[in-house]
Amino acid sequence: MYDLEQVRRDFPILEREVHKRPLIYLDNAATTQKPRAVVEAMAREYYTTNANVHRGVHTLSQQATDLHEAARRTVAHFIGARSANEVVFTRGTTESINLVASTYAQAFLSEGDEVVVSIMEHHSNIVPWQLAARRHGFKLRVIPMNDAGELDLDAYAALLSEHTKLVSVAHVSNVLGTINPVKQMAAMAHSCGAHFLVDGAQSVPHLPIDVQDIDCDFLAFSGHKVYGPTGIGVLYGREALLDRLPPYQGGGEMIKHVSFEETTFDALPFKFEAGTPDYVGTHGLATAIDYVTVLGMDHIHRHEQDLTHYAMEQMSTIEGMHFYGTAAAKDAVVAFNVGSIHPLDLGTLLDRLGVAIRTGHHCAEPLVRRCGTESMARASFALYNTRSEVDAFVEALRRVVSMF
Ligand code: 7TS
């Protein structure tokens, strides 16, 4: 394992206080904190190397381009892509899924076709498909789950048919923490000729990911959830499939030649990257990936598994505790309610004690409703959280609950 105290020193924000108490940051599923290395790499680029990429003969532009394209290779290696051409930079998971929903639907979907998602999707993996369905007339089908928060694979098998063109599923639920068996689900999709998209927003920060092992056609994730900067994300796509999709946005960077008669588009991955890319963001993301790679994704996963089990064990001693999501395969997210206390009150009072959690519907309204509620509290863990933070959180929770 890694040295937790040493690691925590890499994240200056963890030293701050909130309401005169040490910050205990347990909202990592929303966004993670940034190590010094990431912020400093970005500052260094702005201070020493800043210039627009892919267009300059001058030294700064060439150096900035080198950093940007090196970042693409770092991402490709991190997720096991066959080639850096399969890595498209976007603003985040949301934009990555919108890109696929929009272009894939345009290329392949019409009336009579079906796209399958699951009940536990974030709105980012529901709404883009609804918008595309409205334009192209295909149907959206939904995989149900059991009360533990595990997808019903028999129901999934029954949903698949010759009408199914694409399946798009979260690898890890941002509410329940359920780790879905995406490798098995991708094989099932492929066996009926459908493509498979993995929403990796909550898995890439926590598990070793290999797109070739999963055998997915697309993977979407966000930089800011994996200790990188905000505003940068990734769409991985199988090269032959990306090649068959039309461009998403038009503009500079994505063209070969433009005339008023005919415009031709650049090769992958630039075809999907209209406009000046966030080249400082990509360098920051690559630095974050280097950071977690040095710690080891398997070590990070083991540490967070320990925290999750420990937290649930400690939390379950509080009277009235109800967990949402008790799947056998569960990652670093614990959603809960206590008795009839409104989660907003829990969250607000915990904040007064220095503890940051999230409350609400977590941008997954259909799931939260399936769980029989409108709102939940959620604690989510990252590589820098400790067992003593869990103790302090549970102690604070006990105090808050005793007020009601
Ligand atoms: N998919 C999943 C599974 C997510 O958890 C999120 C963000 C997204 C997509 C969208 O990512 P974005 O970076 O494009 O916004 N989830 C959360 C959350 O749980 N709390 O805040 C954001």
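Note that the structure is a prediction, hence the values are computed from the model and not measured.

### A look at the domain arrangement of the protein chain
Turning to step 1, where the next piece is worked out: Splitting the protein chain by domain gives domain 1 (4-30 + 296-403) and domain 2 (40-293).
Turning to step 2, where the next piece is worked out: Inter-centroid distance (C-alpha atoms) of domain 1 to domain 2 is 28 Å.
Turning to step 3, where the next piece is worked out: Taken together, the two surfaces of domain 1 and domain 2 that pack against each other cover about 2800 Å², and 59% of this comes from carbon and sulfur.
Turning to step 4, where the next piece is worked out: Contact with domain 2 buries surface across domain 1, with Met297, Leu367 and Arg370 losing the most and accounting together for 24% of the total.
Turning to step 5, where the next piece is worked out: Scanning the region where domain 1 abuts domain 2 turns up 1 salt bridge.
Turning to step 6, where the next piece is worked out: Arginine 370 is the salt-bridge partner of aspartate 147, the closest N and O atoms lying 3.0 Å from each other.
Turning to step 7, where the next piece is worked out: Summed over the shared surface of domain 1 and domain 2, the result is 22 residue pairs in polar contact (both at pLDDT 80 or more).
Turning to step 8, where the next piece is worked out: For the side of domain 1 that touches domain 2, the elements supplying multiple residues, two or more each, are helix 11 (297-315), strand 14 (333-338), helix 13 (365-370) and strand 17 (376-380).
Turning to step 9, where the next piece is worked out: Here the side of domain 1 that touches domain 2 takes 5 residues from helix 11, the largest share from any one element.
Turning to step 10, where the next piece is worked out: Across the side of domain 1 that touches domain 2, the residue classes tally to 23 nonpolar, 6 polar and 8 charged.

### Some details on the pairing of strand 8 (residues 195-199)
Turning to step 1, where the next piece is worked out: In terms of burial, strand 8 is largely enclosed, as 5 of its 5 residues are buried.
Turning to step 2, where the next piece is worked out: Where strand 7 (residues 164-170) and strand 8 come together, 5 bridges link them in parallel fashion. Within the sheet, the bridge partner assigned to valine 169 lies in strand 8 and is valine 198.
Turning to step 3, where the next piece is worked out: For the handedness criterion, the β-α-β arrangement of strand 7, helix 7 (residues 182-191) and strand 8 is classed as right-handed.
Turning to step 4, where the next piece is worked out: Taken together, the 3 bridges between strand 8 and strand 9 (residues 218-222) define a ladder with parallel strand orientation. Within the sheet, the bridge partner assigned to leucine 197 lies in strand 9 and is phenylalanine 218.

### Here we look at the side chain of threonine 65
Turning to step 1, where the next piece is worked out: Structurally, the position occupied by threonine 65 is in helix 3 (residues 59-79).
Turning to step 2, where the next piece is worked out: Within the local environment of threonine 65, its side chain forms a polar contact with the backbone oxygen of serine 61, the two atoms lying 2.7 Å apart.
Turning to step 3, where the next piece is worked out: With near-sequence residues (within four places) excluded, threonine 65 lies in contact with Val53 and His54.

What counts, and at which threshold
- Residues numbered from 1 in each chain as written.
- Predicted model: local features only at pLDDT ≥ 70, side-chain atom pairs only at ≥ 80, totals over all residues.
- Heavy atoms only, no water.
- Domains from an automatic or database assignment.
- Buried area = accessible area lost by both parts, 1.4 Å probe.
- Salt bridge = Lys/Arg side-chain N within 4 Å of Asp/Glu carboxyl O.
- Polar contact = N/O pair within 3.5 Å; in protein donor to acceptor, adjacent residues only side chain to side chain.
- Helix = DSSP H or I, 4+ residues; strand = E, 2+ residues; numbered from the N terminus.
- Nonpolar A, V, L, I, M, F, W, Y, C, P; charged D, E, K, R; others polar.
- Buried < 20%, exposed > 50% of the residue type's maximum accessible area, 1.4 Å probe, protein only.
- Pairing = 2+ DSSP bridges.
- Right-handed = clockwise from strand over helix to strand, strands pointing away.
- Contact = heavy atoms within 4.5 Å.

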